[in-house]
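# What the coordinates show
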Amino acid sequence: MSDYLYTLESHLNAAQSEALATVQTAANEAGLNLFLAGGALRDMIAGFPIRDLNFVVEGNGIALAKAIVKKTGWEMAAPDTRRNRAELLFPQNVRVEIAMAREEKYAKAGAKPTISPATIYEDLRNRDFTINAIAMSLNRASKGLLIDPNNGLGDLERRELRTVSKYTFYDDPVRILRLIRFAKRFQFTIDERTLQQYENVRDANLERKIGAEALRQELHHIAGEPTSAEIVKELDDQGLLTLFCPAMMGDKVNHAGLQKLQKARQNVALELNLPVENMGLFLTVLCEKLAPKERAGLKTACALDKPAVQAWERLDGRVKKLAVELKQPKMTKPSVLYGAAQKAQGAELVYLLYKSTDRTVQDRIKNYLQKYLPAAQEITDEEISEATGIEPGSAKFEKAKSTFIAKRLDARPKKIVEPEAVMPPAPQHPPLVSSVRR
Ligand code: ATP
Ligand code: MG
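What you see is a predicted model; the values in this text were computed from it and never measured. (Residues numbered from 1 in each chain as written. Chains lettered and ligands numbered in written order. Predicted model: local features only at pLDDT ≥ 70, side-chain atom pairs only at ≥ 80, totals over all residues. Heavy atoms only, no water.)

Here we take up the overall build of the chain. Check the secondary structure of the chain and you find 21 helices and eleven strands. For 438 residues, the compact-globule estimate of 2.2 N^0.38 gives 22 Å, and the C-alpha radius of gyration of the chain, at 23 Å, lies within 12% of that figure. Seen through its C-alpha atoms, the chain measures out along the principal axes to roughly 65 × 55 × 40 Å. Counting only residues that meet the buried cut, the chain has 50% of its 438 residues in that class. Of the roughly 21,200 Å² of accessible surface on the chain, 51% is carried by carbon and sulfur atoms. Averaging the locations of the 64 positively and 56 negatively charged side chains of the chain gives two centres separated by 5 Å. (Helix = DSSP H or I, 4+ residues; strand = E, 2+ residues; numbered from the N terminus. Rg over C-alpha atoms; globule rule 2.2 N^0.38 Å. Buried < 20%, exposed > 50% of the residue type's maximum accessible area, 1.4 Å probe, protein only. Areas by Shrake-Rupley, 256 points an atom, 1.4 Å probe, with all protein chains shown as cover. Lys, Arg positive; Asp, Glu negative; His and termini not counted. Charge placed at Lys NZ, Arg CZ, Asp CG, Glu CD.)

Let us now look at the confidence of the model for the chain. Overall, the prediction assigns the chain a mean pLDDT of 92, with 94% of residues at 70 or greater. Note that residues 427–436 has pLDDT below 50 and, in this model, 28 contacts with residues that lie over four places away or in other chains. (pLDDT = per-residue confidence, 0-100. Contact = heavy atoms within 4.5 Å.)

A separate point is unusual backbone geometry. With a phi angle near 55°, Asn151 is a residue other than glycine that sits in the positive phi range. Inspection of the secondary structure puts Asn151 in the loop between β9 (146–147) and α6 (152–158). One non-glycine residue, Arg159, lies in positive phi territory at about 55°. With respect to the element layout, Arg159 can be found in the loop between α6 and β10 (160–161).

Around ligand 1, the structure places 18 residues, and the nearest of them are Arg42, Arg127, Asn132, Arg175 and Arg185. Arg42 is positioned such that a nitrogen or oxygen atom in its side chain is 2.8 Å from an oxygen atom of ligand 1. One of the side-chain N or O atoms of Arg127 is found 2.9 Å from an oxygen atom in ligand 1. Relative to its free-state accessible area of 580 Å², ligand 1 is covered by the protein chains to the extent of 84%. Mapped by element, the contributors of at least two residues to the shell around ligand 1 are α3 (38–46), β2 (52–57) and α8 (174–186). When residues in the shell around ligand 1 are grouped by element, the largest group, six residues, is from α8. Tallied by class, residues from the shell around ligand 1 come to two nonpolar, six polar and ten charged. (Near = heavy atom within 4 Å. Polar contact = N/O pair within 3.5 Å; in protein donor to acceptor, adjacent residues only side chain to side chain. Nonpolar A, V, L, I, M, F, W, Y, C, P; charged D, E, K, R; others polar.)

What follows covers the pattern of salt bridges. Pairing between side chains of opposite charge can happen when their charged atoms approach one another. All told, the structure shown has 32 salt bridges when counted by the stated rule. Two residues, Glu29 and Lys71, come together in a salt bridge whose shortest N-O distance is 3.2 Å. Here Glu29 is found in helix α2 (residues 14–30), whereas its partner Lys71 is found in helix α4 (residues 61–72), with 42 residues between them in sequence. Each of the two residues, Glu29 as well as Lys71, counts as exposed. In this structure, Arg95 engages Asp52 in a salt bridge whose closest nitrogen and oxygen atoms are separated by 2.9 Å. Of this pair, Arg95 sits in strand β5 (residues 94–100) while Asp52 sits in strand β2, placing them 43 residues apart in sequence. We classify Arg95 as partly exposed; its relative accessible area is 41%. The exposure class of Asp52 is partly exposed, given its relative accessible area of 27%. Here the salt bridges do not stand alone but share partners, grouping Arg51, Arg181, Arg185, Glu218 and Glu225 into one network. (Salt bridge = Lys/Arg side-chain N within 4 Å of Asp/Glu carboxyl O.)

Here's what the structure looks like:
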């Protein structure tokens, strides 16, 4: 087995491994060349936690995704017919992207590119940064072979962000926002020539060419970043935050709130199976100081659709009832607290942690996130089956499972203690881009 294949296998959790095997089998059956690329490979090599699995096929990406959906019943989201790519949501919150290997040609800065099918080598030449332009073959004859035409491996070792070509920012200016986001996430330095390219793009005001859809996608990425507060600060310092919302400047930007939210989010450990709808959560806090008219500016600039707006604007109202419920005396019993908190969405729990000044509510949410939910998730169906004699897959089993979990939780020490944060605090970054342009 190649070293990289071994590294990959030891990096994936059980659910991700299963998703990988499923995609591999489907590509094999369709006779398509399959590669793992982008963020998944970068994170694996650098030893960062792998968040999504980005696959590339030399062929029809959406057709392969559809074949997988047909076979497994897993959910498909966001098919992008232009780029021939789709996202799949596998069980246990595993997100998979399947994309056609493609070439993108830009007639002018910020223009819609012409897209055509390509080989993996051509595809990697079209990416943004060298560290994102590495692929690994998952094909039988060359499994584990690394394809790295831009020496992304070297840049990962140097902890440096470098564009793949001198036209990277010019072709698609949204990449300057990605540069800032990755620099803040990884605390990588920026290669000198890349910084010069950034300056050139800013001097030509090409950031104005970034379209609403690209801004929405970038906002979505920022919302999910553990260091979102630092990213917003840098965007503000660089005068780029107003792209997302014209009124977002000066003391209208809720920097202190974003720092507080960042801290609250650290209570949800990465390995916990609890989806958090970050966009609504992030926008609620980011836009706290904006007037309704100013908020409308963000909706237009980022072309937010109705569900996204609702997730944002209704969050504050939704948690009010939950706060009252969590304060009830009966919540000292772990199984009762678990039952109540389980009905709430991840974003609601985190938002309440951010918002509530009530110590009891705070402690109870922390207990749920750090003790009761992890303990309940440790219990396997086999364990329950063995103890109860009921096979999984029936309503009777689900009921037995709830009783089993409740008993297990109530058997734990009931004393409520203030838990420690389960994730290390977000690092404080030295200024990277800020040092260049002020
Ligand atoms: P994350 O960990 O945030 O998901 P990622 O690197 O996987 O980071 P994605 O936005 O998921 O980023 O995109 C997957 C890959 O697609 C990237 O690694 C990069 O190679 C490529 N990519 C995405 N957006 C662009 C873009 N605007 N220009 C060029 N390449 C891009
Ligand atoms: Mg990704």
